[in-house]
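An overview of the molecular structure
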Amino acid sequence: MLVSPTWAQEAPTPPPALSEEQSDVFKAPVIVDGDTLFHLRGSSALPATERAERVQDKIIEVAESSEKTDIEITYEETELGTRILADGIFVSVVTEADAELDQMELSVLSLLHGDAIHESIVAYRANRTEQARVSGAIEAGAWTVGFILFIVVILWLHRRIRRRTLEIVQSYLQDVETATAKHVQAEAIAALIRYGLNFVLLVIFFLGFYYYLSFVLLSFAETRYFAQLLLTYLTEPVLLIFKGIISYIPNLIMLALISWVTMYIIKGMRVFFDAVEAGTFDMGDFEKHWVNPTFNIARVVVILIALVFAVPYIPGSDSAAFQGLTILVGAMLSLGANSVVSNMLAGLFVIYRRSTSIGDRIQIGDHIGDVVKIKLMETHLKSIKNELISIPNAQLMNSDVVNFSKKTDGNGLLLHTTVGIGYEEPPEKVEAMLIEAARRTKGLKSKPEPFVLWTALADYAINYQVNAYTTRGSTIPKIRSDLHRNIVAVFNENNVQIMTPSYMADPPEPKIPTEHWDGQLAHESSDESKK
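What you see is a predicted model, and the numbers here were worked out from it, not measured in a lab.

1. A word on the overall build of the protein
In terms of helices and strands, the protein carries 17 helices and 13 strands. Burial status across the protein gives 29% buried among its 531 residues. Taking contacts inside the protein between residues at least 6 apart in sequence as the whole, the part at least 24 apart equals 59%. About 34300 Å² of surface is accessible on the protein, with carbon and sulfur atoms providing 62% of the total.

2. Comments concerning the packing of aromatic side chains
Under the defined criterion, the tally for this structure stands at 12 aromatic pairs. On the numbers, 4.5 Å between centres and 25° between planes, the contact of W143 with F215 is stacked. Of the two residues, W143 sits in helix α6 (residues 130-172) while F215 sits in helix α8 (residues 186-218), which places them 72 residues apart along the sequence. A ring pair is formed by F147 and F209, whose centres lie 5.9 Å apart and whose planes are at 50°; its orientation type is tilted. Of the two residues, F147 is situated in helix α6 and F209 in helix α8; the sequence distance between them amounts to 62 residues.

3. Considering the confidence of the model for the protein
Looking at the protein as a whole, its pLDDT mean stands at 77, while 76% of the residues score no less than 70. When the criterion is pLDDT under 50, residues 1-25 qualifies, and its contacts beyond four places in sequence or with other chains add up to nine contacts.

4. A few points about the sheet that holds strand β12 (residues 451-457)
Hydrogen bonds between backbone groups are what pair the strands of a sheet, and the pairing can be parallel or antiparallel. Ordered in space as β11-β13-β12, the three strands form an open sheet in which the pairing is antiparallel. Taken across any chain shown, the strands that pair with only one partner, and hence form the sheet edges, are β11 (413-422) and β12. Between one strand axis and the next, the sheet turns by 25° as a mean value, whatever way the strands run. With 10 bridges connecting them, β11 and strand β13 (residues 461-470) associate as antiparallel partners. Residue pairing for β13: T418 is matched across the bridge by Q465. Across the sheet, helix α15 (residues 427-440) is in contact with β11, β12 and β13; its angle to β13 comes to roughly 30°. With respect to the sheet, helix α16 (residues 476-493) is in contact with β11 and β13, its orientation differing from that of β11 by roughly 30°.

5. A short note on the side chain of N486
Along the chain, N486 falls in helix α16. Owing to a relative accessible area of 15%, N486 belongs among the buried residues under this scheme. At 2.9 Å, the side chain of N486 and the side chain of T441 are in polar contact. The contacts of N486, once residues within four sequence positions are left out, are A437, R440 and T441.

6. Re the sheet that holds strand β6 (residues 361-364)
Pairing within the open sheet is antiparallel, and its five strands lie in the order β9-β8-β7-β6-β10. Every other strand in the sheet has two partners, leaving β9 (388-392) and β10 (401-403) as the edge strands with one partner each. Going from strand to strand, the sheet's axes swing by 40° on average, the running direction of each strand aside. Bridge count for strand β8 (residues 378-383) against β9 is five bridges, and the pairing is antiparallel. Paired with E378 across the strands is P392, a residue of β9.

7. Looking at the packing of helix α3 (residues 48-65) against helix α5 (residues 106-126)
Running from N to C, α3 and α5 cross one another at 50°; their axes reach a closest spacing of 9 Å. As summarised for this structure, α3 and α5 are arranged oblique, according to the angle between their axes. For α3 against α5, the interelement crossing comes out right-handed. Where α3 abuts α5, its residues I59, I60, V62, A63, E64 and S65 lie against I117, S120, I121, Y124 and R125. In terms of residue class, the contact of α3 with α5 is built from seven nonpolar, two polar and two charged.

8. Some details on the pairing of strand β3 (residues 73-77)
Consecutive side chains along a regular strand alternate between the two faces of the sheet. For β3 and strand β4 (residues 82-86), the ladder comprises five bridges, and the chain directions are antiparallel. Among the inter-strand pairings, E77 is bridged to a residue of β4, identified as T82. Hairpin geometry of β3 and β4 is characterised by an intervening segment of four residues between the two adjacent antiparallel strands and by a positive phi of about 155° at G81.

Calculation criteria
- Residues numbered from 1 in each chain as written.
- Predicted model: local features only at pLDDT ≥ 70, side-chain atom pairs only at ≥ 80, totals over all residues.
- Heavy atoms only, no water.
- Helix = DSSP H or I, 4+ residues; strand = E, 2+ residues; numbered from the N terminus.
- Buried < 20%, exposed > 50% of the residue type's maximum accessible area, 1.4 Å probe, protein only.
- Contact = heavy atoms within 4.5 Å.
- Areas by Shrake-Rupley, 256 points an atom, 1.4 Å probe, with all protein chains shown as cover.
- Phe/Tyr/Trp six-rings, centres within 6.5 Å; stacked < 30°, edge-to-face > 60°.
- pLDDT = per-residue confidence, 0-100.
- Pairing = 2+ DSSP bridges.
- Axes fitted to C-alpha atoms, helices over the stretch in contact; angles between N-to-C directions.
- Polar contact = N/O pair within 3.5 Å; in protein donor to acceptor, adjacent residues only side chain to side chain.
- Parallel < 35°, antiparallel > 145°, perpendicular 65-115°, else oblique.
- Left-handed = near helix turned anticlockwise from the far one by under 90°.
- Nonpolar A, V, L, I, M, F, W, Y, C, P; charged D, E, K, R; others polar.

What follows is the structure in structure tokens.
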């Protein structure tokens, strides 16, 4: 055995050893009853898979040829390598190429192959005895009983979920319908929860059935190979997932720590801003209606900072796919959110620039109404006709806003209107009549006193503007209407013709007889006295 034959000495130098990936391609396992005995190397004349199948068939042939437990393994040295015989029947040959593949001496590898063949034959015969078959049948029956109990538990959980989900949702979410204006019903929430739990049960049932089938097949020697294939196909991916989760536990702990610190900071900010809103902390000119938006902005900033710290610990954050997705999201936001971002920034300016507050009556363009809600994207007005008007905050920022509720001083708003009176009427008389009309108008202040301005010397009339203060900005349309009514009444009482808008000539008789106005005024006075 120690002397090399002549053909081996004259043989050319063997090629360099194959790498691990290449050796996996040129070798095949010898499998008997699902157990891998050893690997054999192939050649161009005899591929590895075909060679392994021949050895498997020989082992089975020897195992089925007799039922005795004593098996004689012998070895013969040949030019090709060491032949292995079991009970005198040739089974396999171990070559120098096989020794190079396993990186050990040929004699040692031959002994290892012989021992593996001996154990496989003994196990093959033992697994096919009457006692082994009865034991396998009992084991399969036990697995079947366990699977039936498993199905019973799954069905019980399924019925339990269907019955209890709605009760739990209704008990814990009693205010869902009120809080969501009936857009979300408790039944819908229960259906979503039920769907998720049933999906989990379905996955558990599939895994249970898969492993039950594998263990039943594993109970019999004839089907053990297929059972091991089934277990390999499912168990390896599951184990890889669990190994990945276990190896990722440090990152999960770091993410949990970042989340906990972030939530703690947000809760602390909430306590602080609640104290500011309650007046416990005095922050000077900081207004109370700034509390919620400021808190929301601070919360978003804290969450963004937490995300920056958390991204390196997110699974796959260093992959090209994750980076590409981040770039895609950034591009979509930058290209498609210009108007959204402008409205959001405008909403912040509207909140903080103090020009408009909830409850103020304002005028934006042709729209007049009370501010009922200032959102991040838009502002809602309730018009004097009780209409809800939604105005984008960008438009609110770029338009002139007239605020009738803000007080610049203690006098209030200066309400005014203009009339044109002919040059023949004494100005002192006209001014006195306009001031009298202002004094008769409810909602106009007597202190400071109303006053009259000359706004224009027109072609046929002097334009007089009567001005009076009011603190009732929300009822300006009604006050202005009453002022116009009183101006017409006072001028008719004094037989003075209003020339606005234009004047051609004096009519022979007044357009509206004084008696008509006297009667109407007397009627209104009697109505007031009855009230």
